[in-house]
Amino acid sequence: MFHYPPHPVSKTKEEVWGVGRHTDYGMLTILLQDDVGGLQVEAKDGSWIDVPPVPGSFVVNIGDMLEIWTSGAFEAKPHRVKVSPNKDRLSVAMFYEPGFDCVVSPIPLDKTVLPVEKRVKKPSLPFPIHYGDYVLNKYCGILPGEKQ
C-alpha cells in the first residue's frame, strides 16, 4: 500500500510510526486529538517535541500554502505521529486548503511587515504554481528541496 509520507524505518521495536515526517499541504489544519497522544513537532535543532493532548483544545498547524503566501512569516513545521503500543489513537482533522486550480505565489510584503532577511523561500519552486500541481508533486515525493 502506498502511503505519504513514507513510514520511517523504526530503529527499535518500540518505535512504530502512524505518519512519518511531513508538513501539511494547504493553509491550516485544525486537529482534535484524543488522550493517547503521539503527535510530535520538529524543533529547529532537529529534535522532536511531544504535543500533549489538552482536553477541550485543538492543535492548529500552519500549512505550506500559508508559508508560501507569507514568504515565511508563518512557517509550516514538520511533524509526525508515533503510534502507542497499547492503545489505538483517534484524531479528527479539518484541512483548510485552496482549490486545486488556485494559482499560488508569494504575496508582496512591505519590508516593514517582514524584513527581507527573515523571509523564507521554498527552494527551487517556480512561481506562480497551481496548488493542484504542488499537491500532486509533493504526494509523489518529487518536489525540489523537500526533505523526507
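The rules we used
Residues numbered from 1 in each chain as written. Predicted model: local features only at pLDDT ≥ 70, side-chain atom pairs only at ≥ 80, totals over all residues. Heavy atoms only, no water. Salt bridge = Lys/Arg side-chain N within 4 Å of Asp/Glu carboxyl O. Helix = DSSP H or I, 4+ residues; strand = E, 2+ residues; numbered from the N terminus. Buried < 20%, exposed > 50% of the residue type's maximum accessible area, 1.4 Å probe, protein only. Pairing = 2+ DSSP bridges. Axes fitted to C-alpha atoms, helices over the stretch in contact; angles between N-to-C directions.

Caption draft 1: Local environment of the pattern of salt bridges. This model, assessed by the stated rule, comprises four salt bridges. A salt bridge links Lys 138 to Asp 64, with the shortest nitrogen-to-oxygen separation between them at 2.5 Å. Remark: Asp 64 occurs in helix α1 (residues 64-69) and Lys 138 occurs in helix α2 (residues 131-139); sequence separation between them is 74 residues. Judged on exposure class, the residue Lys 138 and its partner Asp 64 are both buried. The partner of Glu 75 in a salt bridge is Lys 77, with the nearest N and O atoms 3.7 Å apart. We classify Lys 77 as partly exposed; its relative accessible area is 30%. Through salt bridges with shared partners, a single ionic network connects Lys 44, Glu 75 and Lys 77.

Caption draft 2: Seen up close, the sheet that holds strand β1 (residues 17-22). Across the sheet, four strands lie side by side as β1-β6-β3-β4; this open sheet has antiparallel pairing. Of all the strands in the sheet, just β1 and β4 (48-50) have a single pairing partner and so form its edges. The average angle at which neighbouring strand axes cross in this sheet is 25°, direction not considered. Looking at chain direction, strand β3 (residues 39-42) and β4 are connected through three bridges and run antiparallel. Considered in β4, the bridge of Val 41 is made with Ile 49.

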